[in-house]
Amino acid sequence: MMTIVIGNAIIYLLARLSNYGAISFLSFDLYHLLHGELWRLLTFLFVPNTFDLFSLAISLYFYYFVGSVLEREWGTAKFTLYYLSGAVLTLLATVAASLISGNWYLTLSGTYYVNMSMFFAFAMLYPDMQVLLFFIIPLKVKWLAWANAALFAVDILRSLIWFNLSGILFPLIALFNFFVFFAPDFFHFAERKRYQHSRQSSSFRKTMHKEEPTKRSYRHKCAVCGRTDADHPELQFRYCSRCTGYHCYCQDHIFNHVHFTDDQP
């Protein structure tokens with residue numbers, strides 16, 4: 001993610017120094033690709049989505065935070081695969097839209113929808129984390145994700161009205177990339193809900209005076225508050241990569257705890 005942020009900053013400076021002429025030289029389109037300008041397959045990733053300095057600084061800071069958390073959670077290999085697969089799919093969608101429409105100058109600049117797909121992944125893993133909107137308003141990540149999903153729907157609807165093929169494909173590709181990576185999680189969530197519903201139905205049929213059954217064993221236990229996934233199935237549990245050894249924390253303490261080190265007994 002640091003590579004993406006530094007690349008955006010460099011292209012921003014080049015654009016300002018060249019009176020934005022560098023953007024047309026770095027963005028991707030099928031016409032220039034077929035004429036040997038192969039660098040466009042890579043450089044479009046670093047074209048900023050905005051050239052307002054304040055907006056760019058805020059967006060780069062936010063996406064660096066989101067990407068860094070995902071990279072620590074998944075590891076560099078999986079995170080890179082997730083980001084680049086979204087970029088490659090968007091590239092292929094641009095080529096397809098160019099061939100279908102006959103417009104070989106259809107341009108792809110920046111990774112707006114790839115970044116949004118990355119944010120959806122972040123919201124999936126940390127739905128109850130709070131962020132400060134405009135550095136003032138506290139909001140949970142899941143509500144921001146729903147708001148962005150609504151913007152996706154508006155973009156797709158507007159593109160359908162104006163017969164804008166790329167405007168339809170780009171958000172759908174980003175969502176496709178997200179659902180492919182999180183398909184096992186959705187399946188596990190559905191299975192857990194089905195199990196909980198079945199378990200509640202079974203418990204309802206038991207008599208009220210029957211002895212309370214022994215609690216089931218847990219898989220994850222927070223090293224700070226002691227809550228487990230057995231007692232609190234609604235919580236998310238993660239392991240801290242900065243602690244020495246394997247130490248699990250709940251969603252409230254994964255970013256708010258004292259790290260274990262080799263010096264501790």
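The rules behind each value
Residues numbered from 1 in each chain as written. Predicted model: local features only at pLDDT ≥ 70, side-chain atom pairs only at ≥ 80, totals over all residues. Heavy atoms only, no water. Core = buried A, V, L, I, M, F, W, Y, C linked by side-chain atoms within 4.5 Å. Buried < 20%, exposed > 50% of the residue type's maximum accessible area, 1.4 Å probe, protein only. Helix = DSSP H or I, 4+ residues; strand = E, 2+ residues; numbered from the N terminus. Contact = heavy atoms within 4.5 Å. Axes fitted to C-alpha atoms, helices over the stretch in contact; angles between N-to-C directions. Parallel < 35°, antiparallel > 145°, perpendicular 65-115°, else oblique. Left-handed = near helix turned anticlockwise from the far one by under 90°. Salt bridge = Lys/Arg side-chain N within 4 Å of Asp/Glu carboxyl O. Patch = residues over 30% accessible without salt bridge, like charges linked within 9 Å, V, L, I, M, F, W, Y side chains within 5 Å. Areas by Shrake-Rupley, 256 points an atom, 1.4 Å probe, with all protein chains shown as cover. Expected span 1.5 Å × (residues − 1). Disulfide = S-S within 2.5 Å. UniProt positions renumbered as here; feature names shortened; annotations may be inferred.

- The name given to the chain in an unreviewed UniProt entry is Rhomboid family intramembrane serine protease, and the organism recorded there is Dysosmobacter acutus.

### Focus: the nonpolar core
Moving on, step 1. In terms of nonpolar packing, the biggest core is built from 58 residues, with Leu70, Trp74, Met118, Phe119 and Phe122 touching the most fellow members.
Moving on, step 2. By residue number, the principal contributor to this core is helix H7 (residues 112-125), which donates ten residues.
Moving on, step 3. In this structure Met118 touches Met1, Tyr63, Val66, Gly67, Leu70, Phe79, Tyr82 and Tyr83, once residues within four positions along its chain are discounted.

### Remarks on the packing of helix H5 (residues 53-74) against H7
Moving on, step 1. At their nearest, the axes of H5 and H7 sit 10 Å apart, and the two run at 55° to each other. Judged by the angle between their axes, H5 and H7 are oblique. Of the two elements, H5 crosses H7, and the hand of that crossing is left-handed. Of H7, the residues touching H5 (which contributes Phe62, Tyr63, Phe65, Val66, Gly67, Val69, Leu70, Glu73 and Trp74) are Asn115, Met116, Met118, Phe119, Ala121, Phe122 and Leu125.

### Here's the deal with the pattern of salt bridges
For side chains bearing opposite charge, pairing can occur when the charged atoms are close.
Moving on, step 1. Applying the stated criterion across every chain yields a total of seven salt bridges.
Moving on, step 2. A salt bridge links Arg40 to Asp29; its shortest N-O distance comes to 3.9 Å. Taken as a pair, Arg40 in helix H4 (residues 40-43) and Asp29 in the loop between helix H2 (21-26) and helix H3 (30-34) lie far apart in primary sequence, eleven residues in all. Like Asp29, Arg40 is buried.
Moving on, step 3. Among the ionic pairs, Asp128 bridges to Lys142, the shortest N-O distance being 3.2 Å. With Asp128 in the loop between H7 and strand S1 (130-133) and Lys142 in helix H8 (residues 141-161), the pair connects residues that are 14 residues apart, well separated along the chain.
Moving on, step 4. Relative accessible area serves as the criterion here: at 26%, Asp128 is assigned to the partly exposed category.

### A few points about a nonpolar patch on the surface
Moving on, step 1. On the surface, Met2, Ile6, Ile10, Leu14 and Tyr64 cluster together into a nonpolar patch covering about 440 Å² of accessible area.
Moving on, step 2. No other element matches the four residues that helix H1 (residues 2-17) contributes to the nonpolar patch.

### Comments concerning helix H6 (residues 76-101)
Every α-helical turn comprises 3.6 residues, leaving residues that sit three or four positions apart pointing alike.
Moving on, step 1. Compared with an ideal rise of 1.5 Å per residue, which puts 26 residues at 38 Å, H6 spans 37 Å between its outermost C-alpha atoms and is within 8% of the ideal.
Moving on, step 2. Taken residue by residue, H6 has Phe79, Tyr82, Tyr83, Ser85, Gly86, Ala87, Thr90, Leu91, Ala93, Thr94, Ala97 and Ser98 as its buried positions.
Moving on, step 3. Looking one or two places after H6, you find Gly102, whose phi comes out positive at around 80°.

### Considering the state of the cysteines
Chemically, a disulfide is nothing more than a covalent bond linking the sulfur atoms of two cysteines.
Moving on, step 1. One pass over the full model with this rule turns up zero disulfides.
Moving on, step 2. Sulfur of Cys240: no disulfide; nearest cysteine sulfur belongs to Cys243 and is 3.7 Å away.

### Considerations on the UniProt feature "transmembrane region" (unreviewed entry) in the chain
Moving on, step 1. UniProt's entry tags residues 12-33, 53-70, 82-106, 112-136 and 168-190 with the feature "transmembrane region" (unreviewed entry), counted in the numbering of this structure.
Moving on, step 2. What you have in residues 12-33 is 73% helix and 0% strand, and the ends, taken at the C-alpha atoms, are 22 Å apart.
Moving on, step 3. Annotated as residues 82-106, this span is 80% helix and 0% strand, and its ends, taken at the C-alpha atoms, are 25 Å apart.

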